[in-house]
Amino acid sequence: MNEISRRSFLTSSALGTAGALGGSAAHAGENTASSQGIYRLTREISVEEGFDLVVAGGGPAGAAAAICAARLGAKVVLLEATGSLGGMGTSALVSLWYSLTDGIRSVVGGLILEVIQALCRDNAASPNALTSFKKGNPVGAIGFQPEALKLLLDKLCHDAGVEVRFFTRVVEADADSRQRRLHGVITSNVEGLRYLRAKAFIDATGDAILADLCGAAARAAGRDTPKIMPPTLCAALADIDFEKFSKKNQQAMVEQAIADGFFSQADRHVPGVIRNGPGNTAMMNAGHLFHTNALKTRSLSDAMSRGRRLVQEYAAFYRKYMPGCENMQVVATGTLLGVRESRRIVGEYELNHDDFKARRHFPDQIAVYCKAIDIHVYDLTPEEYKRYHEEYTKLDKPKRGESYGLPYGILVPKGWTNLWVAGRCNSSDVKVNGAIRDQPACSMMGQAAGTAVVQSLRTGQPACDLDTAKLVETLRASGAYLPQTELSKTMTRAKV
Ligand SMILES: Cc1cc2nc3c(=O)[nH]c(=O)nc-3n(C[C@H](O)[C@H](O)[C@H](O)COP(=O)(O)OP(=O)(O)OC[C@H]3O[C@@H](n4cnc5c(N)ncnc54)[C@H](O)[C@@H]3O)c2cc1C
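Residues take numbers from 1 onward in each chain, read along the sequence in its written order. Local features are withheld for residues below a pLDDT of 70 in this predicted model, meaning they are given only at 70 or higher, and side-chain atom pairs are given and counted only at 80 or more; totals for whole chains, interfaces and linings count all residues. With hydrogens and water stripped out, all remaining heavy atoms of the structure feed into the side-chain values.

Some details on the domain arrangement of the protein chain
Next up, step 1: The start and end points of each domain follow an automatic or database-based domain assignment. Segmenting the protein chain into domains produces domain 1 (46–93 + 148–225 + 342–496) and domain 2 (235–333).
Next up, step 2: For domain 1 and domain 2, the distance between their C-alpha centroids amounts to 30 Å.
Next up, step 3: Domain 1 puts 13 residues into the contact, and the matching count from domain 2 is 16 residues.
Next up, step 4: In total, about 1,100 Å² of surface goes out of reach between domain 1 and domain 2, with carbon and sulfur atoms giving 70% of it.
Next up, step 5: When residues of domain 1 are sorted by the area they lose upon contact with domain 2, Leu93, Leu380 and Tyr385 head the list and together hold 49% of the total.
Next up, step 6: Each reported salt bridge corresponds to a side-chain nitrogen of Lys or Arg within 4 Å of a carboxyl oxygen of Asp or Glu. For the pair domain 1 and domain 2, the interface holds 0 salt bridges.
Next up, step 7: Across the side of domain 1 that touches domain 2, the residue classes break down as 8 nonpolar, 2 polar and 3 charged. Whether two residues touch is decided by their heavy atoms; if any such pair falls within 4.5 Å, the residues are in contact. Buried area: the accessible surface (1.4 Å probe) lost by two parts on joining, summed over both. Residue type decides the class: Asp, Glu, Lys and Arg count as charged, Ala, Val, Leu, Ile, Met, Phe, Trp, Tyr, Cys and Pro as nonpolar, and the leftover types, Gly among them, as polar.

Okay, here's the thing in structure tokens:
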């Protein structure tokens, strides 16, 4: 285990200008390895300052947070571990936005609506979207071209003045856990290690990496829960004949293939092939990687190689059993694993199953959503398939016109003053997290967090005590759909 000494940061005034050392390490010294398997790393690294906001992670949540905060005037740096924005939607090839409507009206607004409309305009979305969405009809799900989303997010960041740093990973935090204040983050990239100081921070890593580095309370799947929902390695497909392809008989064909002994695991839950553009392309979401812990490197690594083999197996299944897929090509698999569950923060409010069942709306809600609970099967037992099917398609499933609110407090690690989270690692119980982890909801959380940061910087209100009536008004002015009639200056907090 390495430890980076928190006392060894040189300020930029000590260095002249930020980055004056031209690299990360001024020198390494006092490095020691103990016999207990601990290596204490002490080194001086250059400091960069002048940022209002550091956003860690450029998925749907982080990209939205950065763009929206920058549009409101903040100086933002967006740190992304891969070479593109979009997170699961691009790097993991999960090229479907879902859910977008309560069956009567669209519940998505703000930046995500702008993004969807732009990709529809560019002919980079599935045909159902191109026809219905252009007419203004609500549509529940829209497939999109991942490459088009990457390009669009690059442009939106550029136009808003966001500085994007690709291949840059947040690896440490300089935080005062008693004052619940974060001073800076340490990044690692091709230039080595850097310290980035800022006034505010958003953790949009999906895995609550930054919040965890700060020592903020969090719940980790597999450590704090008995089970972990399995991930899937998704793939980009081409050469499907959509004139002939229909998903209607897919389940019957999966059962037939299982009976034929075709698969290496008898998995009856196959989301499958989803068209993601006007041509013959699709994404494939098939093959659960059971017993993967996305917070363990060896487990993640094993899942990637198992996932690549499973993708080939499912492609062979489609070619053999599903009309229209005879010539299907696997163009690529994701460079990121499709992780459904890893770590969630414990926030000022933890959205829970009772809230979900009551379709509760909140005065301080920052988004409204409508997706059913979607906890994929934990294992291959018949009980699990029954549980999944009932939960997703019947029990608790929001009916036409029903929705529930996402209160502001799910974005704030309990008591923290200048740290927010957005996206999948929000504060919610496992069931609700399984409903609100989808990209549109994550993007709306990102927009809310970015907007809250700017309000906090302008007013001095800390994250944990923000005027939420003002926040809701600003979000509404930016196009968010927030139908609550009563507003509240104080956030909804967990009962103690
Ligand atoms: C298999 C699968 C199928 C899904 N299907 C759908 C669907 O049909 N429709 C839908 O809308 N949603 C779907 N989802 C859910 C959705 O894609 C994700 O939950 C959503 O993308 C989460 O958004 P996020 O911004 O929180 O995190 P992510 O999309 O995971 O983005 C996090 C980003 O942070 C970066 N990062 C991580 N750690 C660091 C670090 N230390 N420093 C810097 N950067 C870092 C990552 O590289 C990544 O780009 C699916 C998810 C999976 C896994």
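Next comes the rest of the write-up.
Notes on the packing of aromatic side chains
Next up, step 1: The pairing test for Phe, Tyr and Trp rings, Trp by its six-membered ring, is centres within 6.5 Å, and the orientation test on the planes gives stacked under 30 degrees, edge-to-face over 60, and tilted for anything in between. Under the counting rule described, the total for this entry stands at 11 aromatic pairs.
Next up, step 2: Ring plane angle 50° and centroid distance 4.8 Å describe the contact between Phe356 and Tyr404, whose orientation is recorded as tilted. Taken together, the residues span a long stretch of sequence, with Phe356 in helix α9 (residues 353–357) and Tyr404 in strand β19 (residues 404–407) at a distance of 48 residues.
Next up, step 3: Overall, the relative accessible area of 2% leaves Phe356 in the buried class.
Next up, step 4: Through a chain of ring-to-ring contacts, three or more aromatic side chains come together here, namely Phe262, Phe263, Tyr314, Phe317, Tyr318 and Tyr321.
Next up, step 5: To sit over a ring, a charge needs its Lys NZ or Arg CZ within 6 Å of the ring centre and within 35 degrees of the ring normal. One cation-aromatic arrangement involves Arg359 over Phe356; the distance from NZ or CZ to the ring centre is 5.1 Å.
Next up, step 6: It is Lys397 that lies over the ring of Tyr392; its NZ or CZ is 5.8 Å from the centre. The helix and strand labels rest on DSSP assignments: H or I over at least four residues marks a helix, E over at least two residues marks a strand, and numbering proceeds from the N terminus. Relative accessibility thresholds used throughout: buried, under 20% of the residue-type maximum; exposed, over 50%; partly exposed, between the two (1.4 Å probe, protein chains only).

Observations regarding the environment of Gly161
Next up, step 1: Structurally, the position occupied by Gly161 is in the loop between α5 (146–160) and β8 (163–165).
Next up, step 2: Under the relative-accessibility criterion, Gly161 is labelled exposed at 52%.

Describing the environment of Asp239
Next up, step 1: Of note, Asp239 is situated in the loop between β13 (235–238) and α7 (250–259).
Next up, step 2: Judged by relative accessible area, which is 37%, Asp239 ranks as partly exposed.
Next up, step 3: Taking the C-alpha atoms as reference points, Asp239 and Glu326, separated by 87 residues in sequence, lie 8.7 Å from one another.
Next up, step 4: In this structure Asp239 touches Asn280, Gly324, Asn327, Met328 and Gln329, once residues within four positions along its chain are discounted.

Overview of the site of the ligand
Next up, step 1: By convention in this text, a residue qualifies as near a molecule or strand provided that one of its non-hydrogen atoms is within 4 Å of it. Around the ligand, a shell composed of 36 residues is seen, among which Glu80, Leu96, Arg424, Arg437 and Gln439 lie nearest.
Next up, step 2: With respect to the ligand, the backbone of Val170 contributes an N or O atom lying 2.9 Å from a nitrogen atom.
Next up, step 3: Gln439 places a main-chain nitrogen or oxygen 2.9 Å from an oxygen atom of the ligand.
Next up, step 4: Each accessible area is a Shrake-Rupley result for a 1.4 Å probe, and residues are judged covered by the shown protein chains and nothing else. For the ligand, whose free accessible area comes to 990 Å², the fraction covered by protein is 95%.
Next up, step 5: Elements represented by at least two residues in the shell around the ligand include exactly α2 (60–71), β6 (96–98), β9 (169–176) and α12 (439–459).
Next up, step 6: For the shell around the ligand, the per-class residue count stands at 17 nonpolar, 13 polar and 6 charged. Any pair of N or O atoms that falls within 3.5 Å is considered a polar contact. Within protein, one atom must be able to donate a hydrogen and the other to accept it, and sequence-neighbouring residues count only if both atoms are side-chain atoms.

So, the sheet that holds β13
Next up, step 1: Within the open sheet, the 4 strands sit side by side as β14-β15-β13-β16. Their pairing is antiparallel. The sheet is open, and its two edges are formed by β14 (272–275) and β16 (329–333), each paired on a single side. Across the sheet, the mean angle separating the axes of adjacent strands is 30° when strand polarity is ignored.
Next up, step 2: DSSP bridges decide pairing: two strands pair if at least two such bridges lie between them. Bridge count for β13 against strand β15 (residues 282–285) is 3 bridges, and the pairing is antiparallel. The residue of β15 that forms the bridge with Ala235 is Met284.
Next up, step 3: Interaxial angle, 0 to 180 degrees, is taken between N-to-C directions of lines fitted to C-alpha atoms, where a helix line uses only the stretch in contact. The strands touched by helix α8 (residues 297–321) within the sheet are β13, β14, β15 and β16, with β16 carrying the most contacts at an inclination of about 160°.

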